[in-house]
Amino acid sequence: MELMNGISVIVCCYNSAWIIERCLNALLAQQVPSSVLWEIIVVNNASTDDTERIANKVLQKGHISYQLINEPKAGLLNARKCGIRAARYSYTIFCDDDNVLCDIYVSTMYDQMEKDSGLGACGGLGIAEFQMASHPYVKKYIASYAIGSQLDNVKANFLYGAGICVRTLLLRKIYSNYDLLLTGRCGNLLLSGDDSEMTKLMVLENYRLSYTDDAKFYHVLPSKRLTCKYLINMFSFYYKTAMKEFGGTTGDLAGWFLQNCELVMLFLTVCSKRSEER
């Protein structure tokens, strides 16, 4: 299928009944020029709650072309592949189910991609919305939650996946030509690294990465993600992912250990506090 000039917004969902209505309402409120064609694609990834029913109800009340697709094989990568196969337009935004995009997000990303044919992907600016008071360490490591400006990310040939806009054909090529090692989140497992792998492969294909702080979105962080325990689990999966990606060479093991030292200190701090409480 030949792609038309425009933009597809893919929302991958797993048990998203708690937030999907707000996410989709923000998409329906987008201020997109009539000259720009676009669509919404919701990929229901093995959800066991009311995600599909709620999503369908919300999308039916709008006037935006949409697709609601089921991907039974769990894993963010599987959901994204499913969505990118269905995409009809030249650019694709991956909007996470807990992202609430500002009303100019789609048009801003379209403009960024249109003006630079060498751009493989463009990232936005994530703003944290806490649903409860967070642990101090959460705020210290807030960038790990896809929050903040991405200047340093771009310098490291990386963009976080939340809100990222990519060239659809480029990502189809990557999915077809490379055996990707990292699946992204899978059900309740905090697997990660798929966005890093994706963007680094874009650079390998001789495309550049960029970001714009004009494309803002709220990243809604529920109470379960704001605890020290969750943070430790997330970092544990980060480093397991890194070992899988890098293959465990001596240099990578040393780098992993140096990064992991702070995680170990965090773990020991938590253990110490628990001992004091006893």
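Residues numbered from 1 in each chain as written. Predicted model: local features only at pLDDT ≥ 70, side-chain atom pairs only at ≥ 80, totals over all residues. Heavy atoms only, no water.

Draft legend 1. Summary view of the environment of Asp195. Here Asp195 is to be found in helix H8 (residues 194-204). Along the backbone, Asp195 and Leu159 are 36 residues apart, and their C-alpha atoms lie at a distance of 6.9 Å. Not counting residues up to four positions away in its chain, the partners in contact with Asp195 are Phe158, Leu159, Tyr160 and Gly161. (Helix = DSSP H or I, 4+ residues; strand = E, 2+ residues; numbered from the N terminus. Contact = heavy atoms within 4.5 Å.)

Draft legend 2. Representation of unusual backbone geometry in the model. Of note, the phi angle at Ala146 is positive, near 60°, even though the residue is not glycine. A positive phi angle, close to 55°, is found at Asn157, a residue other than glycine. Following the sequence through the fold, Asn157 ends up in the loop between helix H6 (151-155) and strand E7 (165-167). Judged by its relative accessible area of 35%, Asn157 is partly exposed. (Buried < 20%, exposed > 50% of the residue type's maximum accessible area, 1.4 Å probe, protein only.)

Draft legend 3. Inspection of H8 at higher detail. Of all the 11 residues making up H8, 8 are buried; the element is thus mostly covered by neighbouring parts of the structure. Within the sequence span of H8, burial applies to Asp194, Asp195, Ser196, Glu197, Met198, Thr199, Leu201 and Met202. Immediately beyond the C-terminal end of H8, within one or two residues, lies Asn206, with a positive phi of roughly 70°.

Draft legend 4. Looking closely at the confidence of the model for the protein. Residue-level pLDDT values for the protein average 85, and 78% of them are 70 or greater. Scored below 50 in pLDDT, residues 248-254 makes 4 contacts in the model with residues more than four places away or belonging to other chains. (pLDDT = per-residue confidence, 0-100.)

Draft legend 5. Molecular detail of the pattern of salt bridges. Within the structure shown, the criterion is met by 6 salt bridges. Residue Arg53 is joined to Asp50 by a salt bridge in which the shortest nitrogen-to-oxygen separation is 3.5 Å. Residue Asp50 is classed as partly exposed on the basis of its relative accessible area, which comes to 41%. (Salt bridge = Lys/Arg side-chain N within 4 Å of Asp/Glu carboxyl O.)

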